[in-house]
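# A look at the structure
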Amino acid sequence: MVARMIKTKKVDNRPLTLLERLYFTEIAAGMLVTLKHFFRNLFKPSNIVTVNYPEDRIPLPGNARLRTRHRLKLRADGTPKCVACYMCQTACPAYCIDITAGEYSDGNPVEKYPVGFDIDLSRCVMCGMCVEACPEDAIAMDTGEIPGGALTRDEMFMTKRDLLRNLPGEPSLLGASNRLHNEWDGTRVKKK
Amino acid sequence: MKLKIDGKETQVQPGTSILGAAQAMGVLIPRYCYHPSLSVAGNCRICLVEIEGAPKLVTACSTPCAEGMSVLTTSEKVRAARRDVLEFLLINHPLDCPICDQAGECGLQDYYMEHGLHKSRFPQADKVRRHKRRDVGKYLVLDNERCILCTRCVRFCEEVTKTGELCVRERGDRSYIDLKPGSRLDNDYSLNIADICPVGAFTSADFRFKKRVWFLERTASVCAGCATGCPIEVHHRDNIVYRLMPRPEEGFPAWLCDEGRMTCKSLRAPGRPAAAFCEEGNLKPAAGLRFAASRLGKLKPEQVAIFGSPFMSLEDNLALAELAAAIGTKNFCLHFSTEPGIKDGILKNTDHSPNSRGLALIHAVYGGYTREQFSERLASGEVRFVLGRNEEVKAALAAAKTDIPSSVFSFSDEPAPGRACVLPAASHFESDCLFINYAGRLRRARAAVKAPEGVLPVWQAADRIASMLGAPIRLETRAAVLERLKAKIPELAAAPLSDDKAEFELK
Ligand code: SF4
Ligand code: SF4
Ligand code: SF4
Ligand code: SF4
Ligand code: FES
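Residues numbered from 1 in each chain as written. Chains lettered and ligands numbered in written order. Predicted model: local features only at pLDDT ≥ 70, side-chain atom pairs only at ≥ 80, totals over all residues. Heavy atoms only, no water.

### Looking at the overall build of chain A
The cut-off we apply is this: Working definition: helices are DSSP H or I runs of at least four residues, strands are E runs of at least two. Numbering for both runs from the N terminus. Each radius of gyration is computed over the set of C-alpha atoms, and the globule rule expresses the reference value as 2.2 Å times the number of residues to the power 0.38. Exposure classes here rest on a 1.4 Å probe applied to the protein chains alone. A residue is buried below 20% of its type maximum, exposed above 50%, and partly exposed in between. It only takes one pair of heavy atoms within 4.5 Å for two residues to be counted as in contact. Computed by Shrake-Rupley with a 1.4 Å probe, the accessible areas treat only the displayed protein chains as cover when residues are assessed.
Helices and strands together make up the secondary structure of chain A, namely seven helices and five strands. For chain A, the sequential pattern of α-helices and β-strands runs α-α-α-β-α-β-β-α-β-β-α-α. Over its C-alpha trace chain A gives a radius of gyration of 26 Å, far above what one expects of a compact globule, namely 16 Å for 192 residues. Its C-alpha atoms give chain A principal-axis dimensions of about 90 × 45 × 30 Å. Per-residue burial for chain A yields a buried fraction of 32% across its 192 residues. Look at the contacts in chain A between residues 6 or more apart in sequence, and 70% of them connect residues 24 or more apart. In the form shown here, chain A has an accessible surface area of approximately 13200 Å², with 61% of it arising from carbon and sulfur atoms.

### Brief notes about the site of ligand 4
The condition is simple: Being near a molecule or strand, for a residue, comes down to having at least one heavy atom within 4 Å of it. Each residue is assigned to one of three groups, with Ala, Val, Leu, Ile, Met, Phe, Trp, Tyr, Cys and Pro labelled nonpolar, Asp, Glu, Lys and Arg labelled charged, and all others, Gly among them, labelled polar.
Neighbouring residues of ligand 4: 13 residues in total, closest B:Cys147, B:Cys150, B:Thr151, B:Cys153 and B:Cys197. Here the residues of the shell around ligand 4 are counted per class, giving eleven nonpolar, one polar and one charged.

### With respect to the domain arrangement of chain B
All names here are of chain B. As a reminder, the rule being used: Note: domain ranges come from an automatic or database domain assignment. Here's the idea: put two parts together, see how much 1.4 Å probe accessible area each one loses, and the total over both is what we call buried area. Salt bridge, as used here, is a side-chain nitrogen of Lys or Arg placed within 4 Å of a carboxyl oxygen of Asp or Glu.
Once the domains are mapped, chain B shows domain 1 (2-90), domain 2 (121-209) and domain 3 (276-427 + 449-492). If you average the C-alpha positions of domain 1 and of domain 2, the two centres end up 26 Å apart. Listed per partner, the contact involves 13 residues of domain 1 and 14 residues of domain 2. Of the roughly 1100 Å² buried at the junction of domain 1 and domain 2 (both faces included), carbon and sulfur atoms supply 50%. By the criterion of area lost to domain 2, the three top residues of domain 1 are Tyr32, Leu38 and Glu87, representing 47% of everything that side buries. Seen at the junction of domain 1 and domain 2, the total is one salt bridge.

### Concerning the pairing of strand E19 (residues 406-410) of chain B
For a regular strand, side-chain orientation follows a simple rule: the groups alternate between the two sheet faces. Residue and element names in this part refer to chain B. Applied cut-off: Any two strands are treated as partners once DSSP identifies two or more bridges connecting them. Seen with the strands pointing away from the viewer, any crossover whose path from the first strand over the helix to the second strand runs clockwise is right-handed.
Of all five residues in E19, five are buried, a share of seventy percent or more. Across four bridges, the pairing between strand E18 (residues 385-389) and E19 is parallel. Bridging from a neighbouring strand, arginine 389 pairs with phenylalanine 409 of E19. Once the chain exits E18 it traverses helix H11 (residues 390-400) before rejoining the sheet at E19, and the crossover so formed is right-handed.

### Looking at the sheet that holds strand E5 (residues 70-72) of chain B
Residues and elements named next belong to chain B. What the five strands build is an open sheet, ordered E2-E1-E5-E3-E4; its pairing is mixed. Where the open sheet ends on each side, the last strands, each with one partner, are strand E2 (8-11) and strand E4 (58-59). Pairing analysis gives four bridges linking strand E1 (residues 2-5) to E2, with the strands arranged antiparallel. What sits directly across from leucine 3, in E2, is threonine 10.

### Quick word on the interface of chain B and chain A
When the parts of a complex come together, some accessible area is lost, and that lost area is often used as the size of the interface. For clarity, the cut-off: Pairs of N or O atoms are called polar contacts if they sit within 3.5 Å, as long as, within protein, a hydrogen donor faces a hydrogen acceptor (for residues adjacent in sequence, only side-chain-to-side-chain pairs).
Contacts between chain B and chain A engage 15 residues on the former and 24 residues on the latter. Summing both partners gives a buried area of about 1700 Å² for chain B against chain A, and 52% of it is carried by carbon and sulfur. Three residues stand out in chain B for area buried against chain A, namely B:Ile99, B:Arg133 and B:Phe209, and they jointly supply 37% of the buried area on that side. Joining chain B to chain A, the criterion identifies three salt bridges. Run the count over chain B and chain A and you get seven residue pairs in polar contact (both at pLDDT 80 or more).

### A few points about empty space enclosed by the protein
Operational definition: Throughout, the protein atoms alone are placed on a 1 Å grid, and a set of points is a cavity if a 1.4 Å probe fits but cannot get out or a pocket if it is open with protein on both sides within 12 Å along at least five of seven lines; lining residues have an atom within 4 Å of a point. Grid points are joined across faces, edges and corners, and a volume is the space filled by probe spheres set on the points.
Summed over all chains, the structure comprises six cavities of 30 Å³ or more. Its volume calculated, the largest cavity comes out at about 120 Å³. Around the largest cavity, the lining comprises 13 residues; the ones closest to its centre are A:Arg179, B:Pro94, B:Leu95, B:Gln124 and B:Glu145. When its residues are assigned to classes, the lining of the largest cavity shows five nonpolar, two polar and six charged. Of the volumes computed, that of the second largest cavity is approximately 100 Å³.

### Examining the side chain of B:Asn331
Residues and elements named next belong to chain B. The residue asparagine 331 is located in the loop between helix H8 (314-327) and strand E17 (332-333) in this model. Asparagine 331 gets classed as buried once you look at its relative accessible area, which sits at 2%. There is a polar contact of 3.0 Å between the side chain of asparagine 331 and the side chain of arginine 377. Dropping the residues within four chain positions of it, asparagine 331 is found in contact with Glu302, Val304, Ala305, Ile306, Tyr369, Phe374, Arg377 and Val383.

### Overview of the domain arrangement of chain A
Per the domain assignment, the segments of chain A are domain 1 (18-49) and domain 2 (71-168). Of note, the centres of domain 1 of chain A and domain 2 of chain A, computed from C-alpha atoms alone, are 48 Å apart.

Now the structure itself:
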C-alpha cells in the first residue's frame with residue numbers, strides 16, 4: 001500500500017556531451033523556453049499560472065487537514081464560546097496567544113469570558129495545537145485564509161474583534177460551558 | 001512501635017496514624033478531608049489502605065498504627081477502592097475545570113490523573129445542580145457544585161478561628177455547605193479556606209480569573225504585615241504579584257491572615273509613585289534624590305532631622321542611622337515603643353510593624369531621640385527639614401503641629417504631607433531585605449519583582465544622598481550593608497546574614 005503511493009523516478013546521471021559542455025546551445029535552449037512563455041503570456045494572459053499574491057489568491061480546497069487563519073466561534077447570542085481557560089495559550093509552542101480573562105456581569109452562568117484574546121500570527125507556526133487543546137470547541141483554524149503577505153507586523157496581530165466569527169451553519173452547540181449557557185439563554189428568552 | 005508499610009519496616013510513636021507513618025517514610029497516601037492542622041474527620045474515604053488480615057479496607061488518616069501491622073498502600077484492592085471513591089466524588093461534580101480557578105492545583109484533577117482515569121458513567125444532564133458563584137464573604141466565592149463535602153472549611157472555622165460560620169446542611173446527595181443563618185465569612189483568616197479547600201469550591205475573590213496557577217512563579221519571602229513575620233510564598237508573573245500564599249516553616253502554622261495577604265495590593269495601587277514628586281513637579285527618582293541632597297546641603301546639620309521606622313528593614317534603618325552620623329545631626333530618631341503579642345491566639349500581632357525588634361537593635365547602638373523627644377524637637381522650630389518614611393513623617397508632623405519641609409520615602413499610595421518631596425522607594429517585594437520579628441527571629445524578604453525603573457530601596461537611596469552631600473557612608477552594595485550590620489550591631493555579629501538559607505534567632 002505504502003509502496004504504491006510513493007512514486008520513484010530514476011535520474012540519469014550520464015556525463016555531459018561536448019555540445020552540452022560548451023553551454024551555448026543550452027543557454028539558447030533555455031532562452032527559447034523563456035521567450036515561448038513570454039510571448040504566450042503576452043498574447044493570452046488568461047493562461048498565466050501564477051497569481052499576484054497577496055492581492056489575488058487561489059481559493060483553497062475545503063479540506064479537514066487544512067489549517068488556516070484562526071477564528072473564535074460564537075454562541076447563538078453572539079458571545080464568544082471561549083471561556084478564557086488558557087488551555088490554548090498553555091499549549092501554544094510559539095507563545096503567540098495572549099488572553100485576558102474577565103467575569104460576566106450579566107449573570108451568565110459560564111462566569112468567565114475573554115476580555116482580550118490576541119494571536120500574533122507573525123509568530124504563529126500554524127501547528128493547530130490551540131485547536132487541539134480547546135475544551136470548549138471555541139477556537140478553529142478553518143477560515144480558509146492563509147495568514148501572511150502583510151506589509152506591517154501590526155496587520156498580522158489578531159485581536160478578539162478580528163477573531164470572532166461564525167461560519168455558515170453555526171453556531172455549534174458543543175462544549176460543557178456552552179451547554180450551561182444555552183440553558184440560561186433559553187430561560188432568558190422565555191422571560192422576555 | 002514497629003509496623004510494615006508496603007513491606008518496609010518502620011518505627012513510630014504510639015498513636016500515629018497510618019497516613020502519618022507512611023508520610024514519614026515518603027509514601028504519600030491520597031487525602032481530601034485530612035489536614036495536618038485540623039481534626040481528623042475520615043469522611044472522604046480516598047485514603048483507604050489494606051491491612052493484611054483485616055476484613056475490610058481502612059481509612060489511613062483515622063486508623064492508628066498497631067504493633068506488627070502490615071499495611072499495603074498500592075495493592076490492587078486499594079487502587080480499585082481509590083478509583084471507585086474518586087468516581088463517586090465525581091458523579092455530581094460539574095465539568096467546570098476550564099473556568100475553575102483551582103485547576104492546576106486541584107485535588108480532583110491530580111488524583112484523577114494518578115488513580116482514576118476512568119470514563120464517566122454519568123451523563124452530564126443527570127448531575128445534581130447546586131448554587132454557584134455565591135458571595136459568602138469579602139474575600140471568598142463559594143461554588144456548591146464543586147464541593148466534595150470534606151468539611152475542611154467547616155472544621156477550620158470551628159477549630160482555628162473558632163468563629164463557626166459554616167455548616168453542612170441536608171443529608172445524602174442533597175447536602176451542601178452553607179453559612180449559618182445571619183453570618184458571613186468575614187473572619188480575619190477567611191482566605192485560608194480557599195487554600196485548604198482541596199477543590200475549587202471555595203476560591204479567592206481577589207485572585208479570581210487573574211491568572212492560571214501554572215503560569216505563576218514562586219519566590220519564598222516573608223510577610224511584612226505585622227511583627228509576626230509569617231513565611232510566605234510570593235506568586236508572581238511578568239513583574240506582577242498575583243497572590244501571597246503561606247509557606248511551611250518550622251514554628252509557624254500553615255495559615256496567613258487576610259490582611260497580610262492583601263499587603264501586595266499596595267505595589268500596584270494606582271496612586272503609588274514611580275517618580276519623585278517635588279515642588280518642581282515630577283522628577284526621575286535619581287533627580288529626586290539629588291533634589292533632597294541639595295535641600296539637605298543648604299542646611300546646618302542641626303537643622304536636619306532623620307526618622308527611622310519599624311516598617312522599614314534593618315538595611316534601611318542602618319543606612320539612615322549612618323546618614324545621620326555622616327551629616328552630624330543629633331536630630332534623629334530610631335525609636336519605637338510597642339507591645340507585641342499575638343492576641344487572637346493565631347497569628348495577628350498587636351504590633352503592626354514588621355521590624356520593631358530590628359529597629360530597637362539599631363537604636364541601642366546609634367542612640368538618638370525617643371519618639372516623644374523627637375516630636376518636641378520637631379515642634380521646637382529649630383528643625384527645618386525631615387527625612388523619613390512617608391506615613392510616619394506625616395504622623396510626626398501632625399503630632400508636632402508643624403509643617404516643615406520634608407523628603408519622604410513612599411512605598412504605597414498613601415498621600416504625602418503638604419510640603420514634602422516624595423521619593424519612591426522599593427518595597428520588600430522588590431528588594432532583598434531583613435526584618436526581625438517580635439520573637440527575635442531573623443526574617444528574610446526576597447525580591448520577587450523588579451521595582452519601577454530607577455526606584456531604589458531606602459538604604460541605597462540614603463547612600464546616594466550621603467555621597468551627593470560629600471559625606472559618603474559607603475553602603476553601595478547590599479553585601480556592604482550586611483557587613484556593616486554585623487560590624488556595628490553586636491547582637492548580629494554572629495548572624496549568618498548573607499547566607500540566604502540560614503536561620504537565626506536573637507538570644
Ligand atoms: S497554531 Fe500553534 S503556534 Fe499558532 S496559535 Fe495555535 S498553538 Fe500557537
Ligand atoms: S482553549 Fe478554547 S476556551 Fe480555552 S482559552 Fe483557548 S479558545 Fe478559549
Ligand atoms: S474543582 Fe477541580 S475538578 Fe472541579 S472544576 Fe475545579 S479544577 Fe475541575
Ligand atoms: S467547600 Fe471545600 S473545604 Fe469545604 S467541604 Fe467543600 S470541598 Fe471541603
Ligand atoms: S483523608 Fe482519610 S477519609 Fe479523608
